[in-house]
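Okay, here's what each chain looks like letter by letter:
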Amino acid sequence: MAQIEIKNLTFKYAMADSSCLKNVSLNIENGDFVVVCGKSGCGKTTLLRCLKSVLTPNGDKAGEVLFENKKIEEVDERTQAMKIGFVMQNPQQQIVTDKVWHELAFGLENMGMAREEIGARIGETAEYFGIAKLYERTTNSLSGGQKQLLNLAAVMTMQPKVIILDEPTAQLDPIAAEKFIQMLHKINDELGTTVIISEHRLDQLLPVCSKAVVMKNGEILADDNSYKVADKLYNTEEFQFMPIPAQIYKEIGELSENIPLTVGQGRKWIENYVNQNQIIKENIAKQNRLINLEYENKDKNKSAKDIAISGKNIWFRYERDRADIIKGISVNIENEQIYCILGGNGAGKSTLIKILCGILKQYRGKVKINGKIVYMPQNVQTMFLHDTVIDEVDGNKDILTKLNLDKYEKTHPYDLSGGEQQKLAMAKVLLCNPDILLLDEPTKGIDVIYKKEMGKIILDLKKQGKTIVIVSHDVEFCAEYGDRCAMFFQGKIISESSIREMICTNRFYTTVSHKMAGELIEKAITKEEVVWSMTAGSITE
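Now for a description of the structure that goes with this document. Just so we're clear, the structure is a prediction, and the values are computed from it rather than from any experiment.

Cut-offs and rules
In this convention, every chain numbers its residues from 1, walking through the sequence in written order. The predicted origin of the model limits local features to residues at a pLDDT of at least 70 and limits the giving and counting of side-chain atom pairs to 80 or more, whereas totals for whole chains, interfaces and linings rest on all residues. Where side-chain values are given, they derive from all heavy atoms of the structure, hydrogens and water being excluded. Helical segments are the DSSP runs of H or I of at least four residues, strand segments are the runs of E of at least two, and each set is numbered from the N terminus. Note on method: radius of gyration uses C-alpha positions; expected globular size equals 2.2 Å times residues raised to 0.38. Using a 1.4 Å probe on the protein chains alone, a residue whose accessible area is under 20% of its type maximum counts as buried, one over 50% counts as exposed, and one in between counts as partly exposed. A 1.4 Å probe and the Shrake-Rupley method give the accessible areas. Residues count as covered only by the protein chains that appear here. Neither His nor the chain ends contribute to the count of charged residues, in which Lys and Arg are positive and Asp and Glu negative. Every charge is mapped onto a representative atom, which is NZ of Lys, CZ of Arg, CG of Asp or CD of Glu. Just to be clear on terms, a salt bridge is a Lys or Arg side-chain nitrogen sitting within 4 Å of an Asp or Glu carboxyl oxygen. For this analysis, a ring pair means two rings from Phe, Tyr or Trp (six-membered ring only for Trp) whose centres lie within 6.5 Å, classed as stacked if their planes differ by under 30 degrees, edge-to-face if by over 60, and tilted for the remaining angles.

So, the overall build of the protein
Then step 1. Each helix and strand counted, the protein has 20 helices and 19 strands in total.
Then step 2. Relative to the globule expectation of 24 Å for 541 residues, the C-alpha radius of gyration of the protein, 24 Å, shows essentially globular dimensions.
Then step 3. Reported as C-alpha extents along the three principal axes, the dimensions of the protein are approximately 70 × 60 × 50 Å.
Then step 4. Looking at the 541 residues of the protein, the share that counts as buried comes to 53%.
Then step 5. Looking at the protein as shown, the accessible area adds up to about 24200 Å², and 46% of this sits on carbon and sulfur atoms.
Then step 6. If you average the places of the 68 positive and of the 73 negative side-chain charges in the protein, the two averages end up 5 Å apart.

Encoded structure:
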């Protein structure tokens, strides 16, 4: 008997023109680790929310969801609270108390448990999740990664049989995201808890999951183990959702057999492939020379440009008696530049750009802005003021069409998927026609298809003479479209260089492509560069 059985589930949001789920059927067994993926707006979040009745959105629903052979609507809320945990995309939205220990205890207190049992459970959970040192900390002092780990720990104190997670790593830096996924695997493997997770970051999830579910336009396109799903999607548009090693493998022209899904598998395959082909070896040597030559010439021919943003010796703290968040930062960002800021959760990146746009005021130092500046926050819902998408853009249908949001004109902005909300926020920013754009996590919650669209928009803005500053955890996106990069650590810029130099120097904050092929192709940092290097005869000097 399946632990969760979904039978012909169809769902349409109130005021929507069409259904976002269409006859979805899926069985999830006890102890499964299920990854749900697909394009932004394909129905992932709606499907997950239908698995817990208290979170099911307002709209028309048909079909059935059974939990332990009982309709989910007939499972009382107490049982659902105890047996089905849910972790949201935004860590801050789920935290309800001011102290870490109280957040861990909150659910148990609401269930009416005895104080002794609560103490035992939260103590054990804090040790298991490695957050015992944070026990007495205030929740608002935690980094994004710590908050999301706390959310997961708070859910697990209830000892649920199922945990559902909606893009939980969307706001985490690469290292925090990796640790979070490792913890999920540990919970599933050691405790037997069923894990159901929707994600766009699949490089580390697909190799450990027992089942991958790919959705398209509200329907299930594929449902099997990761390698069989990759094989099934090999010649479809949806294959671009697969991890980068698999995409490189396909674009080289290999057959759909033994598809590498991890960096390690990809590295072994690429080494064997190159060692067996002398022409490829020569091609890679040419590519290395060409990229190095291009890199050197770019630095030699670089001409000085006017400064769009200048910051000198900036210091900032949120409260007088608290530690400094920004510590003596000086930065100059040129006109017509795509400037990326990388670093861990809580390093001070978002605080800095709030200072640059005037939302926060430094207590020491100077900031000079040359031009009209517009800021897109990490939580884009704070930008929405109206009840429909069309009203959010003042009736401008052209901008909605440009960003593929025209079919959501009458939809409430809060009913959009996370990725679609990012698009709508970007539309509002573009309507302001700024000279300088400050974008805080612009690729959060969006799929690879829209990332390409976003990248094209940013490159077009650069051609128009705009300056774009991007705070991001998406190293792949920054490598593809950035010009210059600053690395943040504990409120300071610890390094600043061209994006290529940064990616090639780092071991952790680097791209999957460089991890996979960097030992053979020295300066390649993107999938396209790796493929270009390995395609015999494609390079001429």
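Details of the pattern of salt bridges
Then step 1. Counted by the stated rule, this structure contains 17 salt bridges.
Then step 2. Across the pair Glu-392 and Lys-428 runs a salt bridge whose closest N-O atoms are separated by 2.9 Å. Residue Glu-392 is found in helix α13 (residues 389-392), and its partner Lys-428 is found in helix α15 (residues 418-431); the two are separated by 36 residues along the sequence.
Then step 3. Residue classification places Glu-392 among the buried positions, given a relative accessible area of 3%.
Then step 4. For Lys-428, a relative accessible area of 16% gives the class buried.
Then step 5. The residue Arg-484 makes a salt bridge to Glu-496 at a minimum N-O spacing of 3.9 Å. You can see Arg-484 sitting in strand β18 (residues 484-489) and its partner Glu-496 sitting in strand β19 (residues 492-498), a full twelve residues away along the chain.
Then step 6. For Glu-496, a relative accessible area of 33% puts it in the partly exposed group.

Overview of the packing of aromatic side chains
Then step 1. Applying the stated criterion across every chain yields a total of seven aromatic pairs.
Then step 2. Here the aromatic rings of Phe-477 and Tyr-481 are separated by 4.9 Å at their centres, their planes lie at 50 degrees, and the arrangement is tilted. Residue Phe-477 and its partner Tyr-481 are located together in helix α17 (residues 475-481), separated by four residues, close to a single helical turn. Tyr-481 carries the same exposure label as Phe-477, and that label is buried.

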